[in-house]
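Tertiary structure, described
Here is how the chains run, residue by residue.
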Amino acid sequence: MNESKSQSDVRATNSEGLTDYLRDRDRSCPQCEKNIRGITSQCCPHCGIELILRIGLDQSNFTSFIAGIIIITSGLGFSVFVLFLLICAVLTSIGNISQLQQLVVALGLGIVISLVALLLWLRLGRWMRCQTKGRRRFIVALSMLVPLTSLALFLMVRYFR
Amino acid sequence: MNEPGQKNPPNDRDLLKAFLDRRDESCPLCGYNLRGLTGSQCPECAKALVLRVGLEEPNLGAYVTGLIALASATGFCFLMFLFFVIFSAKNNSSIPRVYFFATGVGAVFSSICLVCWIRLARMIRGCSRSKRVVAAIATFLVPLICFTMFMWAAINEK
């Protein structure tokens, strides 16, 4: 009972804070981007989405974080799909398991490297957003090593066979 | 100049101070509890803080799922294409053109889908839960199409 009362209190305070904030400010709805100056409720009058007032950074620095996820995931996708192709080849008797063993190891290694890099990237997300623009770009450029490593491992096995 | 009796609108700093007066909010960067903050910087990491209007529920799950599906398809096609280019250049071997075609078209197609997904992020996040789930599942069609194209190339080459 008390908990639900305190929750409704928090909600009322949030709504009050939001309407106070938007009384004299031109801000756009994060969803539909229409001006929400002077709204009287906690919902956007244009798209109806529920809004909240929250603390944010002056500069969110989110682009490089997303770019890194895309780059690292592309390496993971390569290793996973090629491994799946090899499994299909073995199952349909196109390829011989003993011939493909080294490739499977290389691709498995690629998957492990990509997964570790992805986990690290997600963990270090906050730290990365603290860095300067130049450093963030450098770290994103470094993340390109992950898909390149996956490709290099695959190429190496093909060459040395 | 304000007319008598008219209040000045509170500035951003005052509002931030009032907002954090009775709230346990954490710094979005370092997680430090900002309750009772008097300035506009985090005392722990010194990053400048502002009040911002956001969504009650950010609805990021489906968006990130779609991003992963599309990025993995792009990575597969693009790196396979690169592999064929390097392999054929180094070994002077003639890799059938159908492989270049399948991976090249796949790379362009999945890249376009990825760019569209990033551009439509706001729209996706604004959809109902069921629509978001359907959209996220639909993105898995892209890696499936790319994979099927590659298989089709392999079968045709045989």
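The structure displayed is predicted, hence computed values, not measured ones.

Taken as a whole, chain B is organised into domain 1 (9-53) and domain 2 (61-155). A C-alpha centroid distance of 42 Å is found between domain 1 of chain B and domain 2 of chain B.

This part takes up the nonpolar core. Judged by nonpolar contacts, the single largest core of 58 residues is most densely connected at Trp-121 of chain A together with Phe-76 of chain B. The set of elements that each furnish at least two residues to this core consists of helix H2 (63-91), helix H3 (97-123), helix H5 (133-143) and helix H6 (145-160) of chain A together with helix H2 (61-91), helix H3 (97-119), helix H4 (121-126) and helix H6 (141-157) of chain B. With 14 residues, the single largest contributor to this core is H2 of chain A. If we ignore the near neighbours within four places in the chain, the residues touching Phe-76 of chain B are Ser-74, Gly-77, Phe-78, Phe-81, Val-82 and Leu-85 of chain A together with Cys-146, Phe-147 and Phe-150 of chain B. Within the second largest apolar cluster, 25 residues are counted, among which are Leu-22 of chain A together with Leu-16, Leu-29 and Leu-51 of chain B.

Turning our attention to helix H1 (residues 12-21) of chain B. For H1 of chain B, the set of buried residues is Leu-15, Leu-16, Phe-19 and Leu-20 of chain B. Each buried residue of H1 of chain B lies within a common arc of 125° when the element is viewed along its axis, so the set occupies one face.

Attention shifts here to the confidence of the model for chain A. Across chain A, pLDDT averages 81, with 82% of residues at or above 70. At the level of individual helices and strands, chain A shows its lowest average pLDDT in helix H1 (residues 2-23) of chain A, which scores 62, and its highest in H5 of chain A, which scores 90.

Before going further, it helps to examine the environment of Trp-152 of chain B. All names here are of chain B. By the secondary structure assignment, Trp-152 is in helix H6. Placed 54 residues apart in sequence, Trp-152 and Val-98 show a C-alpha to C-alpha distance of 9.1 Å. With residues up to four places along the chain from it excluded, the contact list for Trp-152 reads Val-98 and Phe-101.

A few words on the packing of H2 of chain B against H6 of chain B. All names here are of chain B. Two numbers describe how H2 lies on H6: the axes approach to 8 Å, and their chain directions differ by 25°. The orientation of H2 relative to H6 falls into the category roughly parallel. Contact residues: H2 offers Ala-69, Leu-70, Ala-73, Phe-76, Cys-77, Met-80 and Phe-84, while H6 offers Val-142, Pro-143, Cys-146, Phe-147 and Phe-150. Taken together, the residues of the contact of H2 with H6 sort by class into 12 nonpolar, no polar and no charged.

Our focus in this paragraph is the interface of chain A and chain B. Of the residues lining the interface, 47 residues belong to chain A; the matching set on chain B comes to 51 residues. Summed over both sides, the interface of chain A with chain B buries roughly 4800 Å², with 69% coming from carbon and sulfur. On the chain A side of the interface with chain B, the three residues burying the most area are Ile-55, Leu-57 and Phe-81 of chain A, jointly 15% of the side's total. If you look at where chain A meets chain B, you find zero salt bridges. Our count for the chain A to chain B interface comes out at two residue pairs in polar contact (both at pLDDT 80 or more). Looking at the side of chain A that touches chain B, the elements with two or more residues in it are H1, strand E1 (51-57), H2, helix H4 (125-130) and H6 of chain A. Ranked by residues supplied to the side of chain A that touches chain B, first place goes to H2 of chain A with 12 residues. Pairing of E1 of chain A with strand E1 (residues 49-55) of chain B involves seven bridges; the strand directions are antiparallel. Counted as the bridge partner of Arg-54 of chain A is Arg-52 of chain B from E1 of chain B.

Where charged atoms from two side chains of opposite charge approach closely, those side chains can pair. Scanning the model with the defined rule gives two salt bridges over all chains in all. Ionic pairing is found between Arg-37 of chain A and Asp-26 of chain A, a salt bridge with its closest N-O pair at 3.2 Å. Linking Arg-37 of chain A in the loop between H1 and E1 with Asp-26 of chain A in the loop between H1 and E1, this pair joins segments that are 11 residues apart in sequence. Residue Arg-37 of chain A is classed as partly exposed on the basis of its relative accessible area, which comes to 41%. Residue class for Asp-26 of chain A comes out partly exposed when judged on its relative accessible area of 49%. Among the ionic pairs, Arg-35 of chain B bridges to Asp-24 of chain B, the shortest N-O distance being 3.2 Å. Of this pair, Arg-35 of chain B sits in the loop between H1 and E1 while Asp-24 of chain B sits in the loop between H1 and E1, and the two are 11 residues apart along the sequence. For Arg-35 of chain B, a relative accessible area of 44% gives the class partly exposed.

Reading guide: rules and limits
- Residues numbered from 1 in each chain as written.
- Chains lettered and ligands numbered in written order.
- Predicted model: local features only at pLDDT ≥ 70, side-chain atom pairs only at ≥ 80, totals over all residues.
- Heavy atoms only, no water.
- Domains from an automatic or database assignment.
- Core = buried A, V, L, I, M, F, W, Y, C linked by side-chain atoms within 4.5 Å.
- Buried < 20%, exposed > 50% of the residue type's maximum accessible area, 1.4 Å probe, protein only.
- Helix = DSSP H or I, 4+ residues; strand = E, 2+ residues; numbered from the N terminus.
- Contact = heavy atoms within 4.5 Å.
- Arc of directions from axis to C-beta.
- pLDDT = per-residue confidence, 0-100.
- Axes fitted to C-alpha atoms, helices over the stretch in contact; angles between N-to-C directions.
- Parallel < 35°, antiparallel > 145°, perpendicular 65-115°, else oblique.
- Nonpolar A, V, L, I, M, F, W, Y, C, P; charged D, E, K, R; others polar.
- Buried area = accessible area lost by both parts, 1.4 Å probe.
- Salt bridge = Lys/Arg side-chain N within 4 Å of Asp/Glu carboxyl O.
- Polar contact = N/O pair within 3.5 Å; in protein donor to acceptor, adjacent residues only side chain to side chain.
- Pairing = 2+ DSSP bridges.

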